[in-house]
Amino acid sequence: MLMVTDRRTDIGPPDYKKFMPPIIKNNYGKWKYHEVLKPGVMVHVGESGDKLFTVRAASPRLLSIKKLRIFADLADKYCGGYLRFTSRNNVEFLLTDQANVDPLIADLKAIGHPVGGIANAISNIVHTQGWVHCHSSATDASGVVKCVMDELCEYFTSTKLPGKLRIALACCLNMCGAVHCSDIAILGVHRRPPKVDHDSINKVCEIPNVVASCPTAAIRPATVNGKPSVEVDEERCMFCANCFSVCPSMTLNDPLNDGVSIWVGGKVSNARTEPMFSKLAIPYLPNNPPRWPEVVEAVRNIVEVWAKGAHKYERMGEFIARIGWPRFFKLTGIEFGKEHIDDFKHAGLTYKRSAQLRH
Ligand code: SF4
Ligand code: SF4
């Protein structure tokens, strides 16, 4: 039996240098420039003259051990056993021999992994757990991502777009990941207030914590059937599910009313313009598994309006700032409604305060 004294703790991750290909170790901090040779393929050239070829392939993020072993076999075959994953969960193979690039791409294609996602492309969709693993999702993650990327794959494997376009998905508005700061964001939403389980709440939740979790102060302590519980002012509730995050007795999941909202115009980089939050474009689309046609169509439409109208390198948020929101709604055909108008705390800052209106 393992004794407490045998436990190894606080050892941290292994040193990253252990996993570096020799060419990266030798040129560390001494790279001169890089070029995109073709979709999904880059070369980095070091001061020493060394050349590192990178082949970036799509990955669904949710991977089996079997698939990881297949990736490892490819890394053994072409890359001296080294590979890495990017911050958008693509897999990158690092080669020193340019002659191996095309055979590797052919092997990846044979196992269903397109190569691309570099430069003016739609790279992988940063996404969450969905119905695979999380208790608070209002939509699925892997399913929606697969459907959207099937539709947009031509933009992953080419560089024909005006600039980068980042898509992210989160299955509830805890927003694990990048939905708040992406060019296009797909976000699961509820549309009904929580149903309070008065019998269990006092046993499994800390009531002051539940009350404090609500951003609109819709929850009050109450005595129900002689037991401590809470009551929800449904007029004040905007279905965020934060109370459910802290208390399993406040369920909101509702298959008929849960769905997806679409947000646009966020970015993280400070190239040209400062980072931006994404903003609401479509308040609600239904969950329609397994292919989510309404969501796929909405995303494709927004991508195409941007691709047609954006200047070179102009991100979605920059494009909308230039043409104005009324024109964005007109070009996309998205109906503007009361849900688009901010009504939370400092909402006034988002209202138009000048007479200038672009159409
Ligand atoms: S976004 Fe919400 S539902 Fe999705 S993984 Fe995060 S907490 Fe869970
Ligand atoms: S869902 Fe959100 S707004 Fe509604 S009661 Fe719970 S915490 Fe408050």
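Please refer to the structure placed before this passage.
One structure accompanies this document, and this report is about it. Note that this is a predicted model, so its numbers are computed, not measured.

### Topic: the overall build of the chain
Of the regular secondary structure elements, the chain holds 10 helices and 13 strands. Counting over 359 residues, the chain shows a buried share of 44%. Sequence-distant contacts, at least 24 apart, represent 64% of the contacts inside the chain between residues at least 6 apart. Carbon and sulfur atoms provide 55% of the accessible area of the chain, an area that totals close to 19,800 Å². Side-chain charges in the chain split into 45 positive and 36 negative, and the spacing between the mean points of these groups amounts to 5 Å.

### Quick word on the site of ligand 2
The full set of residues close to ligand 2 is Cys214, Pro215, Thr216, Ile219, Val232, Cys237, Met238, Phe239, Cys240, Ala241, Cys243 and Leu252. Grouping the amino acids of the shell around ligand 2 by side-chain chemistry returns 11 nonpolar, 1 polar and no charged.

### Brief notes about the state of the cysteines
Counted under the stated rule, the structure contains 1 disulfide. Each disulfide pairs two cysteine sulfurs, and for Cys205 the partner residue is Cys247, the sulfurs being separated by 2.1 Å. Measuring handedness by torsion sign, the sulfur bridge of Cys205 and Cys247 sits at about 80° and is right-handed. Remark: Cys247 occurs in the loop between helix H7 (242-246) and strand S11 (250-251) and Cys205 occurs in the loop between helix H5 (201-204) and helix H6 (207-212); sequence separation between them is 42 residues. Per residue, the accessibility class of Cys205 equals that of Cys247, and both read buried.

What counts as what
Residues numbered from 1 in each chain as written. Chains lettered and ligands numbered in written order. Predicted model: local features only at pLDDT ≥ 70, side-chain atom pairs only at ≥ 80, totals over all residues. Heavy atoms only, no water. Helix = DSSP H or I, 4+ residues; strand = E, 2+ residues; numbered from the N terminus. Buried < 20%, exposed > 50% of the residue type's maximum accessible area, 1.4 Å probe, protein only. Contact = heavy atoms within 4.5 Å. Areas by Shrake-Rupley, 256 points an atom, 1.4 Å probe, with all protein chains shown as cover. Lys, Arg positive; Asp, Glu negative; His and termini not counted. Charge placed at Lys NZ, Arg CZ, Asp CG, Glu CD. Near = heavy atom within 4 Å. Nonpolar A, V, L, I, M, F, W, Y, C, P; charged D, E, K, R; others polar. Disulfide = S-S within 2.5 Å.

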